[in-house]
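Here are the chains, one letter per residue:
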Amino acid sequence: MGEPLPAVRLGTRVGRAVVLTTVLGSGMAMLDSTVVNVALPHIGRDLHASLAVLQWTVNAYMLTLAGLILLGGALGDRFGRRRVFVVGVVWFALASLLCGVAPDAGVLIAARALQGIGGALLTPGSLALIQAVFREEDRAAAVGAWSGLGGVAAAVGPFVGGWLVDGPGWRWVFLINLPVAAVCVPVALRYVPETRSPGARGRFDVLGAALGALALAGVTYALIAAPEKGASVQVVVPAVAGLLLGVAFVYVESRRADPMLPPAIFSVRMFSAVNGVTVFVYAAFSGFFFLAVLQLQVVAGWSALEAGTALLPTTVLMLLLSARSGKLAQDIGPRIPLTVGPLLCAAGMLLMTRAGAGAVYWRDVLPALVVLGLGMVVLVAPLTSTVLASVDVGRAGLASGINNAAARAAGLIAVAALPLAAGMGADTYRDPVAFSGAFDTAMVLCAGSLALGAVLAWVTVRKPEPVAPCHPECAYHCGVVSPPLDPGDV
């Protein structure tokens with residue numbers, strides 16, 4: 001049946017160490033995902049990079065993370081959650097070092113892809129460690145502490161990123177991960193108990209993970225290359241290859257006895273519907289956060305610190321109000337929050353078109369971010385809870401992992417496709433007038449994606465019926481879930 005279950009109390013030295021370890025690990029990945037966007041204009045200038053390079057700086061990380069996150073969770077269940085988590089932290093730190101010393105754009109992009117592999121190993125493990133290590137009475141409080149401290153990391157991320165970029169330089173956005181890892185790893189090895197899932201068995205779906213990642217890579221490459229190369233062989237071949245690999249991925253997953261992405265889970269109507277909503281809304285979120293900091297620096301003329309700090313209201317609102325939003329969704333059902341939330345976010349993105357040359361923060365930017373933040377408050381917590389409630393508890397970890405992967409894959413495609421759809425060329429981000437017009441178009445497209453998500457939610461989402469555990473032991477290994485989606489991680 002596996003190892004005896006740990007029963008750690010939150011107030012003990014070991015309990016505090018587990019929370020510290022998981023916060024440092026997940027916070028490192030979260031901080032990195034929020035600060036890199038702030039650094040993009042400086043990276044472009046320093047490396048003489050085109051817009052495509054900036055897109056790949058973001059997408060190389062999301063590509064490997066989205067493609068491997070489900071495999072990373074399975075590795076932790078099988079070989080030990082602490083072990084895989086520590087490997088992920090070390091891997092992430094070494095890749096961050098390579099990012100920080102990258103001499104050119106090619107090395108930076110390759111290092112970002114390696115960072116994504118580390119993220120895929122450590123991200124599923126952070127909350128899984130808490131769920132597996134703490135006794136049942138302390139889990140809720142431990143998750144609350146992890147979530148609250150993680151929210152603080154997300155909140156300070158843009159500020160820290162802007163300060164580093166304007167101060168010692170953009171390379172320190174990556175190098176700051178090294179001291180965090182230097183604290184995290186020894187604490188984890190000394191204090192955190194090792195746990196495994198007694199139910200983890202079967203072969204790892206390495207082929208499925210590889211096909212999924214390569215399919216995303218082909219389509220992403222084609223979308224990013226299209227503005228410069230047009231409908232050329234260099235664009236058409238990767239696009240077709242990506243689509244064919246996607247078909248092969250679906251075929252392999254439908255035939256394997258132990259697939260990474262079991263097709264049967266999508267037979268649950270509510271699960272499929274909410275993941276469809278996830279794709280529409282997280283595509284818009286990723287497009288917005290990628291372009292907004294460029295708009296504020298390139299067009300409005302703000303510093304990296306000013307642009308990063310400007311985005312704080314969205315994170316602060318989520319930190320303060322998300323718990324209440326989740327409780328409200330429990331009371332009234334998810335349909336209204338998942339409809340109203342995207343529409344509020346769409347309104348906020350349309351208001352952001354006022355943030356042009358000469359923009360005044362309190363008049364042109366703050367109202368947009370407050371409306372966007374309120375929309376995210378209404379939307380994000382109910383979205384995650386509905387995904388988990390739509391399946392039996394025995395598949396909660398799988399459901400959460402799939403939803404995380406869907407959000408990241410949607411963001412990956414959006415960052416690749418949105419500049420193309422908005423008419424941005426390779427050097428558009430260097431021209432304030434051209435970028436401003438394209439940004440307005442992009443915000444309309446993002447608002448449209450959110451509106452489609454709202455319509456889908458209204459038509460398909462209903463209050464999930466309670467489901468029973470798959471067997472009596474589910475309170476342990478079936479209750480291990482991946483971290484809830486966070487907008488700073490898109």
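1. A few points about the packing of aromatic side chains
Phase 1 of the analysis: Considering all chains together, one arrives at 6 aromatic pairs under this definition.
Phase 2 of the analysis: Summarising the aromatic geometry, the rings of tyrosine 61 and phenylalanine 92 are spaced 6.3 Å apart at their centres and angled 85° between planes, so their arrangement reads as edge-to-face. Placement of tyrosine 61 in helix α2 (residues 51–79) and of phenylalanine 92 in helix α3 (residues 81–100) is noted, with a sequence separation of 31 residues between them.
Phase 3 of the analysis: Between phenylalanine 288 and phenylalanine 289 the ring centres are 5.2 Å apart and the planes differ by 85°, which places this aromatic pair in the edge-to-face class. When sorted by exposure, phenylalanine 288 lands in the same class as phenylalanine 289, which is buried.
Phase 4 of the analysis: Between the NZ or CZ atom of arginine 335 and the centre of the ring of tryptophan 458, over which it lies, the distance is 3.6 Å.

2. Some details on the pattern of salt bridges
Phase 1 of the analysis: This structure, assessed with the given rule, holds 3 salt bridges.
Phase 2 of the analysis: Among the ionic pairs, arginine 354 bridges to aspartate 364, the shortest N-O distance being 3.1 Å. Taken together, the residues span a long stretch of sequence, with arginine 354 in the loop between α13 (335–351) and α14 (361–389) and aspartate 364 in helix α14 at a distance of 10 residues.
Phase 3 of the analysis: Residue classification places arginine 354 among the partly exposed positions, given a relative accessible area of 46%.
Phase 4 of the analysis: We classify aspartate 364 as buried; its relative accessible area is 6%.
Phase 5 of the analysis: In this structure, arginine 430 engages aspartate 427 in a salt bridge whose closest nitrogen and oxygen atoms are separated by 3.3 Å.
Phase 6 of the analysis: When its relative accessible area of 41% is taken as the criterion, arginine 430 is described as partly exposed.
Phase 7 of the analysis: Judged by relative accessible area, aspartate 427 falls into the partly exposed class, the value being 45%.
Phase 8 of the analysis: Within the structure, one salt-bridge network assembled from shared partners comprises Arg354, Arg363 and Asp364.

3. A few points about a nonpolar patch on the surface
Phase 1 of the analysis: Taken together, Leu328, Ile332, Ile336, Val340, Leu344, Val370, Leu374, Val455, Trp458 and Val459 make up a surface patch of nonpolar side chains, about 810 Å² in accessible area.
Phase 2 of the analysis: Of all the elements in the fold, those that place two or more residues in the nonpolar patch are α12 (312–332), α13, α14 and α16 (432–460).
Phase 3 of the analysis: On the accessibility criterion, leucine 344 (31% relative accessible area) is partly exposed.

4. Some words on the confidence of the model for the protein chain
Low-pLDDT portions of the prediction should not be read for the details of their coordinates.
Phase 1 of the analysis: In this model, the protein chain carries a mean pLDDT of 84, and residues with pLDDT of at least 70 account for 90%.
Phase 2 of the analysis: Counted against residues more than four places away or in other chains, residues 468–490, with its pLDDT under 50, gives 81 contacts.

5. A short note on helix α4 (residues 105–133)
Phase 1 of the analysis: Taking 1.5 Å of rise per residue, 29 residues should cover 42 Å, and α4 covers 41 Å from first to last C-alpha, within 8% of that figure.
Phase 2 of the analysis: Serine 126 marks where α4 bends most, by close to 30°.
Phase 3 of the analysis: Of all 29 residues that make up α4, 22 are buried, and the element is covered over most of its length.
Phase 4 of the analysis: Between a side-chain oxygen at the N-terminus of α4 and the backbone nitrogen of glycine 106 the separation is 3.2 Å; the capping residue is aspartate 104.

6. Some remarks on the nonpolar core
Soluble, globular proteins show a tendency: their nonpolar side chains are buried together.
Phase 1 of the analysis: Ranked by internal contacts, the top residues of the largest apolar core, which has 135 residues, are Phe285, Phe288, Leu291, Met349, Met352 and Phe435.
Phase 2 of the analysis: Broken down by element, the residue count for this core peaks at 18 residues, all from helix α10 (residues 269–299).
Phase 3 of the analysis: Ignoring sequence-local partners within four residues, the contact set of leucine 291 consists of Leu418, Met424, Phe435, Phe439 and Ala442.

Basis of the calculations
- Residues numbered from 1 in each chain as written.
- Predicted model: local features only at pLDDT ≥ 70, side-chain atom pairs only at ≥ 80, totals over all residues.
- Heavy atoms only, no water.
- Phe/Tyr/Trp six-rings, centres within 6.5 Å; stacked < 30°, edge-to-face > 60°.
- Helix = DSSP H or I, 4+ residues; strand = E, 2+ residues; numbered from the N terminus.
- Buried < 20%, exposed > 50% of the residue type's maximum accessible area, 1.4 Å probe, protein only.
- Lys NZ or Arg CZ within 6 Å of the ring centre and 35° of its normal.
- Salt bridge = Lys/Arg side-chain N within 4 Å of Asp/Glu carboxyl O.
- Patch = residues over 30% accessible without salt bridge, like charges linked within 9 Å, V, L, I, M, F, W, Y side chains within 5 Å.
- Areas by Shrake-Rupley, 256 points an atom, 1.4 Å probe, with all protein chains shown as cover.
- pLDDT = per-residue confidence, 0-100.
- Contact = heavy atoms within 4.5 Å.
- Expected span 1.5 Å × (residues − 1).
- Bend = angle between axes of the 7 residues up to and from the residue.
- Polar contact = N/O pair within 3.5 Å; in protein donor to acceptor, adjacent residues only side chain to side chain.
- Core = buried A, V, L, I, M, F, W, Y, C linked by side-chain atoms within 4.5 Å.

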